[in-house]
Structures are given as structure tokens and as C-alpha cells.
Amino acid sequence: MTTIGIILGSTRPGRVGPQIGEWVEKAARERADVSVELVDIAEYALPLFDEPRSPRMGDYEHEHTRAWAARIDALDGFVFVTPEYNRSIPAALKNAIDFVYNEWNNKAAGFIGYGSNVGGARAVDHLRHIAGAVQLSAVHTQLHLSLQTDFERYTTFAPAERHEAALRQLLTEVITLTEALAPMRRG
Ligand SMILES: Cc1cc2nc3c(=O)[nH]c(=O)nc-3n(C[C@H](O)[C@H](O)[C@H](O)COP(=O)(O)O)c2cc1C
């Protein structure tokens, strides 16, 4: 069965990101055609990129890289849940993407941004660009969640009703594209 990973882009103590990740996970679990996993970059304690060789070679020196690579390799498609930090994605997310290469290739990606100003729009724009570099295929639908209107007191996630349909559309696109790309992954 197709397995979708929900990548939490924030590693910050006290982060709000996991609440959004669990919301995505719950919606994905309503579907019988996929399995879903939450992927917390923080659990891998990745240092700043420290592999001596290009990730394209897949010849990883460090155990932390091998563990991260195995996790990404086992997933068929992704939903990235990223906050906006200084008009881009968190450095920890960029670092985790940089660490591996082939493990991302020919897989689908959907994007959910959040932030205090523009719903993480600039972070998602940057992430779309980065995803292309590691041969992730981006779907069209994306979500933008606001700390001001989709959270209570900037801390408790309470998404506006309109996001529910958009989330289901995003999941449909990610799952459909993931399955369409399966021959390329095998090849
Ligand atoms: C270092 C830093 C930079 C930030 N820069 C932006 C920004 O450029 N635009 C924005 O909308 N929100 C920005 N924020 C607000 C975050 O999007 C908000 O704090 C969000 O809760 C962070 O996600 P997290 O709690 O899951 O880490 C920034 C927050 C931090 C910590």
C-alpha cells in the first residue's frame, strides 16, 4: 500500500507544528487506500550537514544519515507541514532535505504552510523550489494556515472550516500523483 509521510518542518521546543501534523494525519487515516506516518525531524538529531560525499552518491558515512535516509526511502509521498521563519522554511527542514537525495526522487509532495503573517506563503514558495531540486513532484493545492485566525491565542490549533475541504483535496492530489509516479520509482 502507498505510504505517505507527513514531515514536520519545525524542530523548535514548544512548536505548534505537531498539532497541524496530527490534523493532517487524522484526515489521511480516513482513507482506506493509504497508510500514513508522522515524520519528526527532531527525532533524528541531525547535525548541520556533515557528509563528505554528495548525497547523490548514496554512500553515507554517518549513522544519523543512514537512519534518516532509511525513513525517507520507506515513504512514497509527502505532505510537508512547514512554518515560515524569516520569510523561508526553517533551517532544520532545509538541512534535513539536503542530507539525502535519491530517497526523495520521483515522489509526490504537497505543502502546508503556517505563520503569523501570510500563512507561510513565502516558506511554501521556497519549499516548492527546493523540492524540484531533489526531484520531488509538487501538487497544485496548498494550504496556508494563520496563527491569527486558525489558532486560539496563537497556540491552540482551531482551523477555519474552509481548510477541511482543501486538506482533502491536497491529500487526493498527493496520493494520486504518488501512485502515478510509481513506475518511475521502480525504474
Ligand atoms: C525565527 C523565527 C522567524 C519567524 N519568521 C516569520 C516570518 O518571516 N513570517 C511569519 O509569518 N512568521 C514568522 N515567524 C512566526 C512563526 O511562523 C510562528 O512562530 C510559528 O508558530 C512557528 O512554528 P512552530 O511553532 O511550529 O515552530 C517566525 C518565528 C521564528 C521562531
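Just above sits the structure.
Within any chain, residue numbers begin from 1 and follow the written order of that chain's sequence. In view of the model being predicted, local features appear only for residues whose pLDDT reaches at least 70, and side-chain atom pairs are presented and counted only at 80 or more, with totals across whole chains, interfaces and linings using the full set of residues. Calculated side-chain values reflect all of the structure's heavy atoms, with hydrogen atoms and water omitted.

(A) Quick look at helix 4 (residues 121-133). In this model, helix 4 (13 residues) spans 19 Å end to end at C-alpha, consistent with the 18 Å of a helix rising 1.5 Å per residue. Within the sequence span of helix 4, burial applies to Ala-123, Val-124, Leu-127, Ile-130 and Ala-131. Looking straight down helix 4, one finds its buried side chains confined to an arc of 125°; they lie on one side. A run of H or I in DSSP counts as a helix once it spans at least four residues, and a run of E counts as a strand once it spans at least two, with each numbered from the N terminus. Positive backbone phi, at 60°, marks Gln-135, one or two positions downstream of helix 4. Expected helix span is computed as 1.5 Å times (number of residues minus one). Exposed residues in this analysis have more than 50% of their type's maximum accessible area, buried residues have under 20%, and partly exposed residues fall in between, with area computed by a 1.4 Å probe over protein chains only. Note: the arc covers the axis-to-C-beta directions of the helix.

(B) Fine view of the packing of aromatic side chains. For Phe, Tyr and Trp, where Trp contributes only its six-membered ring, two rings pair if their centres lie within 6.5 Å, and the inter-plane angle classes them as stacked under 30 degrees, edge-to-face over 60, or tilted in between. Scanning all chains against the criterion turns up nine aromatic pairs. Here the aromatic rings of Trp-23 and Phe-157 are separated by 5.3 Å at their centres, their planes lie at 80°, and the arrangement is edge-to-face. Of this pair, Trp-23 sits in helix 1 (residues 17-29) while Phe-157 is found in strand 7 (residues 156-157), placing the two residues 134 residues apart along the sequence. Grouping residues by exposure puts Trp-23 and Phe-157 together as buried. Summarising the aromatic geometry, the rings of Phe-78 and Phe-80 are spaced 5.9 Å apart at their centres and angled 40° between planes, so their arrangement reads as tilted. Accessibility expressed as a relative area gives 0% for Phe-78, which makes it buried. Here Phe-80 falls in the buried class, since its relative accessible area comes to 1%. An aromatic cluster is present here, built from Tyr-44, Trp-68, Phe-78, Phe-80, Trp-104 and Phe-111 joined pairwise through their rings.

(C) Inspection of the pattern of salt bridges at higher detail. Every case where a carboxyl oxygen of Asp or Glu lies within 4 Å of a side-chain nitrogen of Lys or Arg is listed as a salt bridge. Enumeration according to the criterion identifies 11 salt bridges in this entry. Glu-30 is the partner of Arg-168 in a salt bridge, and the nearest nitrogen-oxygen pair spans 3.1 Å. In this pair, Arg-168 is assigned in helix 5 (residues 162-180) and Glu-30 in the loop between helix 1 and strand 2 (34-40), connecting sequence segments 138 residues apart. Residue Arg-168 is classed as partly exposed on the basis of its relative accessible area of 33%. The salt bridge involving Glu-61 is made with Arg-53; its shortest N-O contact spans 2.7 Å.

(D) A look at the sheet that holds strand 5 (residues 136-146). In spatial order, the strands read 2-1-3-4-5; together these five strands make up an open sheet with parallel pairing. In this open sheet, the two strands that pair with only one neighbour each are strand 2 and strand 5. Here the strands of the sheet are splayed against their neighbours by 20° on average, with no regard to which way each runs. Strands were regarded as paired on the criterion that DSSP finds at least two bridges between them. One ladder, built from eight bridges, connects strand 4 (residues 107-115) with strand 5; its direction is parallel. Within strand 5, the position partnered with Ala-109 by the bridge is Ala-138. Along the sheet, helix 4 makes contact with strand 3 (77-83), strand 4 and strand 5, crossing strand 5 at roughly 165°. Lines fitted to C-alpha atoms define the axes, with helix axes restricted to the stretch in contact, and inter-axis angles between N-to-C directions lie between 0 and 180 degrees. In this description, contact between two residues means that some pair of their heavy atoms is separated by no more than 4.5 Å.

(E) Quick peek at the site of the ligand. Proximity is defined per residue: any heavy atom of the residue falling within 4 Å of a molecule or strand makes that residue near it. For the ligand, the set of nearby residues contains 16 residues, the closest of which are Ser-10, Arg-12, Tyr-85, Asn-86 and Tyr-114. Within 3.5 Å is the distance limit for a polar contact, defined as a pair of N or O atoms, with the added protein rule that one can donate a hydrogen and the other accept it, and that residues adjacent in sequence qualify only through two side-chain atoms. Between Glu-84 and the ligand, the recorded distance is 2.9 Å, taken from a side-chain N or O atom to a nitrogen atom. For the ligand, an oxygen atom lies 2.7 Å from a polar atom in the side chain of Tyr-85. Think of it as three bins: nonpolar holds Ala, Val, Leu, Ile, Met, Phe, Trp, Tyr, Cys and Pro, charged holds Asp, Glu, Lys and Arg, and polar takes everything else, Gly as well. Residues belonging to the shell around the ligand are distributed by class as follows: five nonpolar, six polar and five charged.

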